Amino acid sequence: MKQAIILDGQQMAQELNNQLKAKISDLKTSIMPTLATIIVGDNEASHIYVANKNKQANNVGIQTKAFYLTSDTSENELLKLITKLNQDESVHGILVQLPLPKSINEQTIIEAIDANKDVDGFHPKNLGLLMLNKPNTVACTPLACLHLIKQTNCQISGANVVIIGRSNIVGKPLAALLANLDATVTICHAKTKNLKTHTLSADILIVAIGNPRFIDESYVKERAVVIDVGINRLANKTICGDVDFAKVIDKASFLTPVPKGVGPLTIAMLLQNTWNNYTKQLKL
Ligand code: NAP
């Protein structure tokens, strides 16, 4: 039995980051790409994620301005900070780490960020442009998935793609991205009947549900490309994906690991989005 080729997201992210670092070090301007990151409250995971994003941004030469707000920060106070950063010409990207405390409406905050400074691709204007196949900033995880799929050299045009998960940050924008590339896309979710009848037709299967090792080989078409978006923290503190790696490796043609698959590439795409916003704002 031929085993799947493992797609090394960590290495791909390193390559993208190295290329970006070279571009930034070649800049002939003193205005450096700058990303503002905001965390509200003391969610431990959010602090770890943002510290990692800031560190990786700094490693490639993107400057960061980190704002740590207490959990009793009001929606108005956060909006005021975002307005200030929208107007600040030295800031090219604004990232508000989700989730926010319940007292703050996330959608209001997402919509308050200038669409040209949105690095997550969550702003309705950017989502709309993606639907129109005129993408501006596209969400980082869908971009990471597309990058991984492209590395397999499989034909996206005409491929049957099945995405399990319909969130606004992964499933829906990824479906638009792949439909724009002429794939035939099916989105499945928790109400989908007979999930296997869909997944077994998938040339490319992308799983983003948040359910540890849910997808085993019985869901996978022979030689399919399988992209595992899931990040699940187990009781023993290890991390696993939504795909049962050990069971699917003998059936798929390509498979992403967790960790070191979609995750590192998602951060690499955040840095790319920051760079793209910067070059557009400076008209470089
Ligand atoms: P989410 O908002 O919770 O959405 C999960 C989706 O999966 C929903 O559409 C849900 O259906 C569907 N679903 C759940 N159980 C299902 C089942 N048994 N069968 C079919 N569909 C099912 O999650 P998310 O934010 O998209 O994240 C999904 C996973 O990806 C999580 O593990 C998250 O940590 C991970 N993630 C990773 C990255 C990365 O950088 N690698 C980035 C983002 C997210 P309904 O809509 O019907 O409820």
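Residues numbered from 1 in each chain as written. Predicted model: local features only at pLDDT ≥ 70, side-chain atom pairs only at ≥ 80, totals over all residues. Heavy atoms only, no water.

Caption draft 1: Spatial organisation of the side chain of threonine 199. Among the structural elements, threonine 199 can be located in helix α8 (residues 195–199). Look at threonine 199 and you get buried, because its relative accessible area is 0%. Discounting residues that sit within four places of it in the chain, threonine 199 has contacts with Val162, Ile164, Leu205, Tyr219 and Lys221. (Helix = DSSP H or I, 4+ residues; strand = E, 2+ residues; numbered from the N terminus. Buried < 20%, exposed > 50% of the residue type's maximum accessible area, 1.4 Å probe, protein only. Contact = heavy atoms within 4.5 Å.)

Caption draft 2: Quick look at the environment of alanine 36. Inspection of the secondary structure puts alanine 36 in strand β2 (residues 34–40). Assessed through its relative accessible area of 0%, alanine 36 is described here as buried. Between the alpha carbons of alanine 36 and tyrosine 68 there is a distance of 11 Å; along the sequence they are 32 residues apart. Residues in contact with alanine 36, not counting those within four places in the same chain, are Lys65, Phe67, Leu85, Val91, Gly93, Ile94 and Leu95.

Caption draft 3: Quick look at the pattern of salt bridges. Inspection of every chain in the model, using the stated rule, returns 3 salt bridges. A salt bridge links lysine 221 to aspartate 203; its shortest N-O distance comes to 2.6 Å. Separated by 18 residues along the polypeptide, lysine 221 in the loop between β7 (204–207) and β8 (225–228) and aspartate 203 in the loop between α8 and β7 bring together distant segments of the chain. For lysine 247, the salt bridge goes to aspartate 244, with nearest N and O atoms at 3.7 Å. Note on lysine 247: relative accessible area 44%, which makes it partly exposed. (Salt bridge = Lys/Arg side-chain N within 4 Å of Asp/Glu carboxyl O.)

Caption draft 4: Quick peek at the packing of aromatic side chains. Applying the stated criterion across every chain, the model contains 2 aromatic pairs. Relative to tyrosine 219, the ring of phenylalanine 214 lies with its centre 5.7 Å away and its plane at 40°, an arrangement referred to as tilted. Taking the relative accessible area as the measure of exposure, tyrosine 219 reaches 14% and is therefore buried. With a centroid separation of 5.5 Å and 35° between ring planes, the pair formed by tryptophan 275 and tyrosine 278 is classed as tilted. With tryptophan 275 and tyrosine 278 both in helix α10 (residues 262–281) and 3 residues apart, this pair spans about one turn of that helix. For tryptophan 275, a relative accessible area of 9% corresponds to the buried category. According to the relative accessible area criterion, tyrosine 278 is buried, its value standing at 0%. We note lysine 196 situated over the ring of tyrosine 219; from NZ or CZ to the ring centre the distance is 4.9 Å. (Phe/Tyr/Trp six-rings, centres within 6.5 Å; stacked < 30°, edge-to-face > 60°. Lys NZ or Arg CZ within 6 Å of the ring centre and 35° of its normal.)

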